[in-house]
Amino acid sequence: MPMPWSAWPRNVRLLMGMRAARSVGQGAMVAAFALYLHALGWGATDIGAVLTAALLLGAALTLLVGPLSDRGGRRAFLIDYDLLQALAALVALFTATPWLLVAAAVLGAYGRGANGSAGAFAPVEQAWLAIELPVSQRARVFSANSAIGFAGMGLGALLAALPAAWLGTDMRAADYRWLFVLPLAGALVSVALLLRTREPVLAAAPPAAHPAAEHRLRRDENRLLARLMLANALNGLGIGLTGPLIAYWFAIRFRSGLDHIGLGLALGFAVAAASAWLAGRVADRHGILRTVVWMRAAGLLMLVAMPLVPWFWGAMALYVLRGASNRGTAGVRQALAAGLTRAERRGLASTVQNLSLQLPRAIGPLLGGALFHAGHLALPFFLGAALQAGYLLLFVVFFRGTEAAVIAPGKSPARDSAAAAPAAPTRPG
């Protein structure tokens, strides 16, 4: 039986509250930040370069933070992250000086859309959640966590669109700056909630296995993590080509303002929230792998169709449905990554999950921005679809026989124990 909300561990509920607080500001920045730079006179290549720099910094921090968090101090890491976010928002709120704005954008990862997670510090959160939960509950709780983030981002995108709707005209650059109040407030609320959490404590590890057995365990875990990294690299690059620049694409493709774009993105995040919630329940019944394949395959078709539609709301409808198919699987994919290693290496597993997405995704906005600047408004979508098709194929081949992908509800696999061996694939691939 799934745990009711009231029975979830206190730390889990607080972590989800922090995601909700952060997600509102992140949603506003997805809708408005690229358009803000456009209003300041920045070109597509410049905007893409700023987004790329933010993603690269996030990847570098992820590489350091995830493994370090396995040694403890997860709470302190997250408090530091939210304080940095508050500082970045204050800078962006009070100045448009280019070098200061770039610094704030890179530090705050504006426009990235991290679904309410702690950005570069997301592996800390994911590992913390995995520590608090039995494996049989992870797909559902991680999906609920994603749903909360998407709902908050939808609210943020809607709030970003309100000034344009009230003004009845296109927003000026100065009008955008007040939106940085949203990530500032989210960071401060998140810090307040973090102060109420308790540092997670791992159960004492059993006596070390025989050196040969330990070597075999690590080798099998590392093989699974290497496969995850390769598959995610295709997915990250495919997402990066269009995802961070989607508001800008709607603006230049259809000459639309933030009032329409923000409303459409808000609807997309709201539908994605419902989809993420549903994905957790589908995964409970059919397993993670089938859930990801069904939903992502539908999203591929809509990604190809999007640039071919000649009117705004038709393309936006496809974006909304495609977001439901793709984003809805975020939580179950995180649950899979958390199940590929033993408990004491979950920070590493979450780091691999995030880093292998972020690094390729960081390249995407620079390439996509250059293609948009050259007038190729459809090509990034087709390239992204091809890359994500490759990801889906590798996902099936690599993980179709792993315990983490096919675990039935109510069972607790051996991997949930720190001493357990990783589940190697039951068939070649």
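Residues numbered from 1 in each chain as written. Predicted model: local features only at pLDDT ≥ 70, side-chain atom pairs only at ≥ 80, totals over all residues. Heavy atoms only, no water.

1. Observations concerning the nonpolar core
Core analysis: the largest hydrophobic core is formed by 113 residues, its most contacted members being Phe33, Tyr110, Trp249, Phe250, Leu258 and Leu265. Counting residues per element, this core draws most heavily on helix 1 (residues 10-39), which supplies 15 residues. Excluding residues within four positions of it along the chain, Trp249 makes contact with Phe254, Met306, Pro307, Ala315, Phe372, Leu377 and Phe381. (Core = buried A, V, L, I, M, F, W, Y, C linked by side-chain atoms within 4.5 Å. Buried < 20%, exposed > 50% of the residue type's maximum accessible area, 1.4 Å probe, protein only. Helix = DSSP H or I, 4+ residues; strand = E, 2+ residues; numbered from the N terminus. Contact = heavy atoms within 4.5 Å.)

2. Things to note about a nonpolar patch on the surface
On the surface, Val304, Leu308, Leu379, Phe382 and Leu383 cluster together to form a nonpolar patch covering roughly 400 Å² of accessible area. Looking at which element gives the most residues to the nonpolar patch, the answer is helix 16 (residues 379-399), with three residues. Tracing the sequence through the fold places Phe382 in helix 16. Assessed through its relative accessible area of 33%, Phe382 is described here as partly exposed. (Patch = residues over 30% accessible without salt bridge, like charges linked within 9 Å, V, L, I, M, F, W, Y side chains within 5 Å. Areas by Shrake-Rupley, 256 points an atom, 1.4 Å probe, with all protein chains shown as cover. Salt bridge = Lys/Arg side-chain N within 4 Å of Asp/Glu carboxyl O.)

3. Digging into a positive patch on the surface
On the surface, Arg10, Arg13, Arg196 and Arg198 cluster together into a positively charged patch. Tracing the backbone through its elements, the reader meets Arg13 in helix 1. Take Arg13: its relative accessible area is 30%, and that puts it in the partly exposed class. (Lys, Arg positive; Asp, Glu negative; His and termini not counted. Charge placed at Lys NZ, Arg CZ, Asp CG, Glu CD.)

4. Observations regarding the packing of aromatic side chains
All told, the structure shown has 19 aromatic pairs when counted by the stated rule. Arranged with centres 5.4 Å apart and planes meeting at 40°, the rings of Tyr81 and Phe121 form a pair that is tilted. Placement of Tyr81 in helix 3 (residues 74-94) and of Phe121 in the loop between helix 4 (98-108) and helix 5 (122-132) is noted, with a sequence separation of 40 residues between them. No difference in accessibility class separates Tyr81 from Phe121, as the two residues are buried. Among the aromatic side chains, those forming a connected cluster through ring pairs are Trp249, Phe250, Phe254, Phe312, Trp313, Tyr319 and Phe381. (Phe/Tyr/Trp six-rings, centres within 6.5 Å; stacked < 30°, edge-to-face > 60°.)

5. Quick notes on helix 13 (residues 312-327)
Given a rise of 1.5 Å per residue, 16 residues ought to cover 22 Å, and the 21 Å separating the end C-alpha atoms of helix 13 matches this to within 8%. Counting buried positions over the 16 residues of helix 13 gives 12, a clear majority of the element. Looking at the buried positions of helix 13, the neighbouring elements they touch are helix 10 (246-254), helix 11 (258-286), helix 12 (288-305), helix 14 (330-338) and helix 16. (Expected span 1.5 Å × (residues − 1).)

6. Regarding the environment of Pro9
Among the structural elements, Pro9 can be located in the segment before helix 1. Sequence separation of Pro9 and Leu129 is 120 residues, and the distance between their C-alpha atoms is 9.5 Å. The residues touching Pro9, leaving out its near neighbours within four places in the chain, are Glu132 and Leu133.

7. A short note on the side chain of Asn235
Take Asn235: it is sitting in helix 9 (residues 211-240). Note on Asn235: relative accessible area 0%, which makes it buried. At 2.6 Å, the side chain of Asn235 forms a polar contact with the side chain of Arg296. The residues touching Asn235, leaving out its near neighbours within four places in the chain, are Arg296, Arg333, Leu357, Gln388 and Tyr391. (Polar contact = N/O pair within 3.5 Å; in protein donor to acceptor, adjacent residues only side chain to side chain.)

8. Focus on the side chain of Gln388
Looking at the secondary structure, you find Gln388 in helix 16. Gln388 sits in the buried class, given a relative accessible area of 4%. Setting aside anything within four residues of it in sequence, one finds Gln388 in contact with Asn235, Gly238, Ile239, Arg296, Leu300, Leu303, Arg322 and Asn326.

9. What to know about the packing of helix 1 against helix 5
Across the interface, helix 1 lies against helix 5 with an axial gap of 10 Å and an inter-helix angle of 150°. Between helix 1 and helix 5, the crossing angle belongs to the class labelled roughly antiparallel. Between helix 1 and helix 5 the crossing geometry is left-handed. Of the residues in helix 5, those in contact with Asn11, Val12, Leu15, Arg19 and Arg22 of helix 1 are Glu125, Trp128, Leu129 and Glu132. (Axes fitted to C-alpha atoms, helices over the stretch in contact; angles between N-to-C directions. Parallel < 35°, antiparallel > 145°, perpendicular 65-115°, else oblique. Left-handed = near helix turned anticlockwise from the far one by under 90°.)

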